[in-house]
Amino acid sequence: MATKKPEQFDRVDWSELSESGRFDLSINSIGMLVATLPLGLLWLYDYLFVGEREATFQAIGLSRNLDPLDYAFVFTLFLFSFYLVLPLYQNPRMTRYYWKEFRRNRPAVVGLGWLGIVFVGGLVGPLLISAPEQSILTGHQPPVFLTINEANVATCVGDVVNGQCQGTWQHPLGTTRGGKDVFAGIVYGMTISMQIAFITTTIVAAIGITFGTVSAYAGGWVDEVMMRFVDIILSFPTFLMFLLILYIYGAGLGMFILVFSAFAWGGTARYVRSKSLSVAEEEFIKATRISGASTYRVVRKHVVPNVASSIITQLTLLIPGFLLAEAQLAFLGIGDSAVPSWGQLISAGRSDLAFAPWIVLAPGIVLFLTILAFNFIGDALLDALNPEAEAESA
Amino acid sequence: MGFGKYVGARVLWAVVVSLIITTVTFLLLAAAPNPAIREAATQAALQGGDPAAAVERERELRGLNQPLYVRYMDFIQSVYTLDWGWSESRSQPVTEALLQALYYTAQYSIPWTILTITLGPLVGVYSAANMYSWRDHVATGFAFFGYAIPNFFFGIILLLIFGVWFEWIPISYDTSVPVFSLENVRQLIMPVFVLVTGSIGATMRVSRNESAEFQNSDFMKTAKAKGVSPLRAYAYHVMRPTLVPLSTTLVGQLLALFIGSSLLVEVVFGIPGLGRLTFNALVSQDTNLVLGSTLVFTFVAVVGNLLEDLVFTVLDPRINYDDR
């Protein structure tokens, strides 16, 4: 992806173009480095100077602590903004084209809007809303505009009319048995879901692309062995293996992300391999090779950009699986009970379903909508990036 | 390479994969402290004995003081000879516990699988034949709904509506009901419905998109021009090529769902099947039983993948065995 586009072919500054070697950094990489450096320093500071049980920002009076997952999350956010969002801004023509294609699928646009809400809510929400806290006395508060029989609540925050406790704006979606605010729980769950989505995608993409291209370019028995390995990865029962690891060692959210992404890249690797094999046969690759481009350059500048769109689509369709798996584990109550995820909230409300259904319904519907949004977007991306399929449907 | 040789190679590969997964399981177990030993040490300490001696005795009893390779060979041998040990939480051999659980799992898995693999492609092809009609939109909407709604959440909601409010279905599972009876149908209809909605979406989408490709193909035009009836044309000329790409994704997805959802659905509906057995074993720290149920699911997955590949080659005569 060229960063500068000359107006006319004869005004191309060839000396400038031919200078670009392997160590020439694009504006994206410079931005990435500039952004990552403070993060790395902060991590070092956290690792070396801050005590085990102290919050990272205690020195300046903030109580927010950063765990390794937060660092990984911020890092992947930088990666996405410099290598996905920035290039889109740099190529306004292509962006406009993609957007035009994408917009035709209305559910996907709505889905994107919803994911935007979840993303912003997950990033900003925890800073604005305090974490849900236990307060037994105000348990089972109903959502706004709904009521609950007075017998089911210890103290009613709102008014009591005819023996029915009414919901208040203080707890817009009600509270759980322990008095935790459901709305705050959902917002905190957004952070967890976004962390899962971003970090797993990055790991899966990194391993899958590397493995696929190396396998395609190595060829011969190396290729054979690597693809057999992918077969094994694909037939591994990940959910069970995670249960086993959980059983033997105990595992938190970080372990969950690692295990699930370590067994999810098989499909991506297979896809990248076949795609790079077919791209390698293209005329323009031959032309690049004849011009003296190294294999690394061919892969980096031509193969990866050409398969990127399909990988993004595939990853979009992978994320719902991770979110679902996390919710399932949390629901079973055998995951990390300290992680305030949506599944946790669903399992918290299960016993009170008959008279306080909002505890299960609210996070369940949010989870459902999020998974649906990812599926809609994946479907729309498939259509937008595959002109062939579109021609068929027209 | 002929067909027979291909099947042989594929079966051999399945054995290798199962061996690798079993090995990984063994390594995971070997690297971790055994809860039973910890238990023995605690017991000894509580009763005023020497914890170290108790640990040593327990290790010897379980053969853990032997070198790793001996234990490994022993482990592999007992795995493949179905000598899976004694389940302490259920006081019966692991294999027996698993068989009992399988009986209940099969009761809802079989109708579920049959419904998915028959209804899915049928609805998919039907919706491709009526593309962009309201029927197609309804089917697509249903597919997305079923695909996106978490099975356990859907199960809870259905239990609440039909079990608690309307009282049409029993809330708890009754094991004393005979298999082929109306009561059994009534208590299994919701789990089967939940699982079918979860799995049918993907099947419908794939078969719809794949068969759309064959709708306007030359062989379809020829068939129509010859005067082949629409039913026959769709059954022979559209359905068959559609099933080939479908079969590659179908088994994998069904298996993933089987492993993940059977656990959840069984917990939600209280069915004492394999998933619930695994869950209970995890909670009660019954290592042998955890291992046994993991192995069952693993073998189901491996055999499923094997069958998928074999069906694939039988269905599509165009596949060349030389490039696997």
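Conventions we followed
Residues numbered from 1 in each chain as written. Chains lettered and ligands numbered in written order. Predicted model: local features only at pLDDT ≥ 70, side-chain atom pairs only at ≥ 80, totals over all residues. Helix = DSSP H or I, 4+ residues; strand = E, 2+ residues; numbered from the N terminus. Buried ≥ 20, exposed ≤ 12 C-beta atoms within 10 Å, placed from the backbone. Contact = placed C-beta atoms within 7 Å. Expected span 1.5 Å × (residues − 1). Arc of directions from axis to C-beta. Axes fitted to C-alpha atoms, helices over the stretch in contact; angles between N-to-C directions. Left-handed = near helix turned anticlockwise from the far one by under 90°. Nonpolar A, V, L, I, M, F, W, Y, C, P; charged D, E, K, R; others polar. Pairing = 2+ DSSP bridges. Domains from an automatic or database assignment. Parallel < 35°, antiparallel > 145°, perpendicular 65-115°, else oblique. Core = buried A, V, L, I, M, F, W, Y, C linked by C-beta atoms within 7 Å. pLDDT = per-residue confidence, 0-100.

A word on the overall build of chain A. Counting its regular elements, chain A contains 15 helices and three strands. Split into buried and exposed, the 394 residues of chain A put 36% on the buried side.

Attention now moves to the overall build of chain B. The helix and strand tally for chain B stands at 12 helices and two strands. Each helix (α) and strand (β) of chain B, taken in turn from the N terminus, gives the series α-α-α-α-β-β-α-α-α-α-α-α-α-α. Counting only C-alpha atoms and orienting by the principal axes, one finds that chain B spans roughly 90 × 60 × 30 Å. Going through the 324 residues of chain B one by one, you find that 35% of them count as buried. Sequence-distant contacts in chain B: of pairs separated by 6 or more residues, those separated by 24 or more amount to 70%.

Glancing now at helix α10 (residues 266-280) of chain A. All names here are of chain A. Here α10 is 15 residues long and its end C-alpha atoms lie 21 Å apart, about the 21 Å a rise of 1.5 Å per residue gives. Residues of α10 that are buried: Gly266, Thr268, Ala269, Val272, Arg273, Ser276 and Val279. One face of α10 carries all of its buried residues, which in axial projection span an arc of 160°. Buried residues belonging to α10 abut α6 (182-218), α7 (220-234), α11 (283-290) and α12 (295-332).

A word on the packing of α6(A) against helix α9 (residues 253-262) of chain A. Residue and element names in this part refer to chain A. Direction vectors running N to C along α6 and α9 enclose 35°, while the axes themselves pass 9 Å from each other. Classified by chirality, the crossing of α9 by α6 is right-handed. Of α9, the residues touching α6 (which contributes Ile192, Ile196, Ile199, Thr200, Ile203 and Val204) are Leu253, Ile257, Phe260 and Ser261. For the contact of α6 with α9, the residue count by class is eight nonpolar, two polar and no charged.

We now examine the interface of chain A and chain B. Chain A puts 32 residues into the contact, and the matching count from chain B is 32 residues. For the side of chain A that touches chain B, the secondary structure elements donating two or more residues are α8 (238-249), α12 and α14 (358-385) of chain A. The biggest single contributor to the side of chain A that touches chain B is α8(A), with eight residues. Classifying every residue of the side of chain A that touches chain B gives 26 nonpolar, four polar and two charged.

Another point: the sheet that holds strand β3 (residues 164-166) of chain A. Residues and elements named next belong to chain A. On the basis of which strands lie adjacent, the open sheet formed by three strands has the order β1-β3-β2 and antiparallel pairing. Each of the sheet's edge strands pairs with one partner strand only, and the pair in question is β1 (147-149) and β2 (160-161). Inspection of the sheet shows β2 paired to β3 by two bridges, in the antiparallel sense. Along β3, the bridge assignment pairs Val160 with Cys165.

Let us look at the domain arrangement of chain B. Domain assignment breaks chain B into domain 1 (3-83) and domain 2 (94-284). Using C-alpha coordinates to define each centre, domain 1 of chain B is positioned 36 Å away from domain 2 of chain B.

Right, let's talk about unusual backbone geometry for a bit. All names here are of chain B. Here Glu167, not a glycine, exhibits a phi torsion of approximately 55°, which is positive. Relative to the helices and strands, Glu167 resides in the loop between α7 (151-165) and α8 (182-215). Taking the C-beta count within 10 Å as the criterion, Glu167 has 9 such neighbours and is therefore assigned exposed.

Quick look at the packing of α8(A) against helix α1 (residues 3-31) of chain B now. Direction vectors running N to C along α8(A) and α1(B) enclose 15°, while the axes themselves pass 10 Å from each other. For the element pair α8(A) / α1(B), the angle class is roughly parallel. Handedness of the crossing formed by α8(A) with α1(B): right-handed. For the pair formed by α8(A) and α1(B), the contact residues are A:Leu244, A:Ile245 and A:Ile248 on the first element and B:Thr25, B:Leu28 and B:Leu29 on the second. Residues belonging to the contact of α8(A) with α1(B) are distributed by class as follows: five nonpolar, one polar and no charged.

Another aspect to go through is the environment of B:Phe154. Residue and element names in this part refer to chain B. The residue Phe154 is located in helix α7 in this model. With 22 C-beta atoms counted inside 10 Å, the residue Phe154 sits in the buried group. A sequence separation of 92 residues divides Phe154 from Leu246, and the C-alpha atoms of the two residues are 26 Å apart.

Counting residues in each nonpolar core, the largest one holds 145 residues, and the members touching the most others are A:Ile186, A:Leu243, A:Leu323, A:Ala327 and B:Val268. Mapping this core onto the domain boundaries places at least three of its residues in each of domain 1 (3-83) and domain 2 (94-284) of chain B. Not counting chain neighbours up to four residues away, the residues in contact with A:Ile186 comprise A:Leu173, A:Trp342, A:Ala362, A:Pro363 and A:Val366. Formed by five residues, the second largest nonpolar core is a distinct cluster that contains B:Val125, B:Ala128, B:Ala212 and B:Val238.

Right, let's talk about helix α4 (residues 92-103) of chain A for a bit. Taking 1.5 Å as the rise per residue, α4(A) with 12 residues should run 16 Å; its terminal C-alpha atoms sit 16 Å apart, in good agreement. By the criterion of burial, α4(A) is predominantly exposed, with just zero of the 12 residues buried.

Attention now goes to the confidence of the model for chain A. Looking at chain A, the pLDDT average stands at 79 and 86% of residues meet or exceed 70. Confidence drops under a pLDDT of 50 for residues 389-394 of chain A, and excluding neighbours within four residues, the segment shows five contacts in the predicted structure.

Per-chain confidence: chain B averages 81 in pLDDT, with 93% of residues scoring 70 or above. In the predicted complex, the global pTM is 0.83; the interface-specific ipTM is 0.80.

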